[in-house]
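# Structure assessment
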Amino acid sequence: EATAPTGVTARPVGWGFWWPANTDGEDAAQFDAAAVPQTALLLLDLRELTLFTQQSFFGLKPLQRKTAALAALVGKYCLFVYRWTESGKGEIARHAVALLQYAVDAGCNTPLGDLAHAYQIGFGVQKDLQKAATLFLCAADAGDVQAMVKSAFCHLSGKGVAMDHEKALTLLQNAVDAGSSEALFLLGHCYDNVFDPQDHERAVTFYQRAADAGNIHGMARLGGFFLNGKGVAKDPARAVSLLEPAAGAGDAEAMVTFGWCFAKAEGVPRDLFRARALFQQAADEGNTDGMLALAKLSWPQDKAHAVSLIQRAADEGDVTAMSYVGEILYQDRHDLVRAVAWCKRSCVVMGAPLPGFLLKAKISKTLRKYLNT
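These notes cover the structure that comes with them.

Thresholds applied
Every chain is numbered on its own, with residues counted from 1 as its sequence reads. Confidence filtering applies because this is a predicted model: local features only for residues at pLDDT of at least 70, side-chain atom pairs given and counted only at 80 or more, and all residues used for totals across whole chains, interfaces and linings. By convention in this description, side-chain values take in all heavy atoms of the structure and omit both hydrogens and water. The secondary structure listing takes helices from DSSP runs of H or I that are at least 4 residues long and strands from runs of E that are at least 2 residues long, numbered from the N terminus. Each residue's exposure class comes from its accessible area (1.4 Å probe, protein chains only) as a fraction of the maximum for that residue type: buried when under 20%, exposed when over 50%, partly exposed otherwise. Throughout, a residue-residue contact means that at least one pair of heavy atoms, one from each residue, lies within 4.5 Å. Under the convention used here, a 1.4 Å probe and the Shrake-Rupley method define accessible areas, while residue burial counts only the protein chains that appear. Planes of paired rings set the category: under 30 degrees apart is stacked, over 60 is edge-to-face and the rest tilted, where pairs are Phe, Tyr or Trp rings (Trp by its six-membered ring) whose centres lie within 6.5 Å. Our definition puts a charge over a ring when NZ of Lys or CZ of Arg is within 6 Å of the ring centre and also within 35 degrees of the ring normal. We call a set of buried residues a nonpolar core when its members are Ala, Val, Leu, Ile, Met, Phe, Trp, Tyr or Cys and they connect through side-chain atoms within 4.5 Å of each other. An axis is simply a line fitted to the C-alpha atoms; with a helix, the fit covers only the stretch in contact. Between two such axes, the angle follows the N-to-C directions and lies from 0 to 180 degrees. With respect to orientation, any angle under 35 degrees is reported as roughly parallel, any angle over 145 as roughly antiparallel, any angle of 65 to 115 as roughly perpendicular, and every other angle as oblique. We call Asp, Glu, Lys and Arg charged. Ala, Val, Leu, Ile, Met, Phe, Trp, Tyr, Cys and Pro are nonpolar, and the rest, Gly among them, are polar. Only one rule defines a salt bridge in this text: a Lys or Arg side-chain nitrogen within 4 Å of an Asp or Glu carboxyl oxygen. Take the residue count of a helix, subtract one, and multiply by 1.5 Å to get its expected span. The arc in question is the one spanned by the directions pointing from the helix axis to the C-beta atoms. Counted as a polar contact is a pair of N or O atoms within 3.5 Å, where, for protein atoms, one must be capable of donating a hydrogen and the other of accepting one, and residues adjacent in sequence contribute only when both atoms are in side chains.

So, on to the overall build of the protein chain. From N to C terminus, the protein chain includes 20 helices and zero strands. Considering the protein chain as a whole, with its 373 residues, one finds that 44% of them fall into the buried category. A sequence separation of at least 24 residues applies to 46% of the contacts in the protein chain between residues at least 6 apart. Roughly 19,300 Å² of accessible area belongs to the protein chain as shown, and the carbon and sulfur atoms make up 52% of that amount.

Structure below.
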């Protein structure tokens, strides 16, 4: 972080905004956060952008360095206010993203990561995964630690860029060196779920480091490992000590795993009421494992509710739920055409050919036979 020049009152800005150093090499002065709301209110009336630049903002003349920085700040402030929510996907979102784009075009790197995220989710612009991946990499090269992690994810998943595990590892290691606990968690996830062959012991090492750094996702995953004896000796008590604070902090995966601790009396006394409450909380967060866990507790006493939960999880893209829907359509409703369609849909989501899918799918032998033909 740059040190503010003598006599300049510097206050923290949540998005890490700094004025760019000028060509004379002055130290960058942090923008006063107290001025942000008033500045934003002045500029949110985007029809009056001539007040901003003393010229047409959408003209061809390049922005000056500090004007570009202010454009970045106001754009980021707008996005911060709307928190990337549906309520912000209107005129303000479009203009906020335009502010970020003009700032980037004028040589200000501060908003690259936010601009990439806008293209990734289609916030204020048309969704464009390729452009998002390019911008995340540019932001990572400019030193944005969060962008390093997101660019690594793009290279791991092949979303918007060619899959490149070596590049992803380099980006994640750079982020770890910069102090990112999220990068530690993602490295653990790579050795746990992405790389072939899997290395659960090495995954535990990274999950432990992430948990030690306070990363709730690392705590949740490590808790699951201790609960199931995966890569470590089984230790339900240790699992609970990790899962309880992670669930309390809002991690949906931890909620589901902690719920199973109560359902199966592992590390805690059996308490189906607590288990159901945790599963419901995770499901309300959109977690499909929570939906399926609730369905399992409801079956067969409340079969209709269980089926609705399974269908909801399938609609969210959960491949296990899709195979369950196929089984229900075949067994209960004798609808072979729709059953096969749902099972094949899960193949598409998994990116696996049908024979490989059949080895994993939780479906009956009879339906499996029909799928094979």
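So that's the structure; there's more coming.
It is worth spelling out the packing of aromatic side chains at this point. Scanning the model with the defined rule gives six aromatic pairs in all. Where Tyr191 meets Phe206, the ring centres are 5.8 Å apart and the plane angle is 5 degrees; that geometry is what we call stacked. Of this pair, Tyr191 sits in helix 9 (residues 181–194) while Phe206 sits in helix 10 (residues 200–212), placing them 15 residues apart in sequence. Grouping aromatic residues by their ring pairs yields a cluster made of Phe185, Tyr207 and Phe225. Above the ring of Trp260, the side-chain terminus of Lys264 is found at 5.2 Å from the ring centroid.

This next bit is on the nonpolar core. Proteins that are soluble and globular tend to have nonpolar side chains buried together. If you look at the biggest cluster of nonpolar residues, it comprises 87 residues, and the most contacted ones within it are Leu115, Leu172, Leu222, Phe258, Cys261, Phe279 and Ile310. It is helix 13 (residues 252–264) that contributes the most residues to this core, eight residues altogether. The contact partners of Ile310, leaving out residues within four places of it in the chain, are Leu292, Ala295, Ala321, Tyr324, Val325 and Ile328.

Another aspect to go through is the packing of helix 8 (residues 165–177) against helix 9. Helix 9 packs onto helix 8 with a crossing angle of 150 degrees between their chain directions and a minimal axis gap of 8 Å. Taken together, the axes of helix 8 and helix 9 lie roughly antiparallel to each other. Contact residues: helix 8 offers His165, Leu169, Leu172, Ala175 and Val176, while helix 9 offers Ala183, Leu184, Leu186, Leu187, Cys190, Tyr191 and Val194. Each residue belonging to the contact of helix 8 with helix 9 can be placed in one class, and the counts come to 11 nonpolar, one polar and no charged.

Turning next to the pattern of salt bridges. All told, the structure shown has five salt bridges when counted by the stated rule. In this structure, Asp192 engages Arg221 in a salt bridge whose closest nitrogen and oxygen atoms are separated by 3.7 Å. Of this pair, Asp192 sits in helix 9 while Arg221 sits in helix 11 (residues 216–228), and the two are 29 residues apart along the sequence. Neither residue differs from the other here; Asp192 and Arg221 are each classed as buried. Note that Glu253 and Arg221 form a salt bridge whose closest N and O atoms lie 2.7 Å from each other. Taken as a pair, Glu253 in helix 13 and Arg221 in helix 11 lie far apart in primary sequence, 32 residues in all.

This part takes up the environment of Leu292. Structurally, Leu292 can be placed in helix 15 (residues 288–298). Overall, the relative accessible area of 15% leaves Leu292 in the buried class. The spacing of Leu292 and Phe279 is 13 residues in sequence and 8.7 Å in space, taken between C-alpha atoms. Contacts of Leu292, omitting those with residues within four sequence positions, involve Ile310, Ala313, Asp318, Thr320, Ala321 and Tyr324.

To continue, consider helix 8. Between its first and last C-alpha atoms helix 8 spans 18 Å; for 13 residues at 1.5 Å apiece the expected length is 18 Å, and the two agree. Taken together, the buried positions of helix 8 are occupied by Ala168, Leu171, Leu172, Ala175 and Val176. In an axial view of helix 8, the angular spread of the buried residues amounts to 140 degrees, which keeps them on one side of the axis. Exposed side chains of helix 8 directed beyond 90 degrees from the buried face belong to Glu166 and Asp177. Contact partners of the buried residues in helix 8: helix 6 (129–141), helix 7 (145–157), helix 9 and helix 10. Capping of helix 8 at its N-terminal end is provided by Asp164; its side-chain oxygen lies 3.2 Å from the backbone amide nitrogen of Glu166. Of the residues trailing helix 8, Gly179 is marked for its positive phi of about 95 degrees.

By the secondary structure assignment, Asn215 is in the loop between helix 10 and helix 11. Classification of Asn215 by relative accessible area gives buried; the value is 8%. Side chain to side chain, Asn215 and Ser181 meet in a polar contact 3.3 Å long. Setting aside its immediate chain neighbours within four residues, Asn215 contacts Ser181, Glu182, Phe185 and Ala210.

Quick look at the environment of Arg338 now. With respect to the helices, strands and loops of the structure, Arg338 is situated in helix 18 (residues 336–350). Along the chain, Arg338 and Glu327 lie 11 residues apart, while their C-alpha atoms are 9.9 Å from each other.

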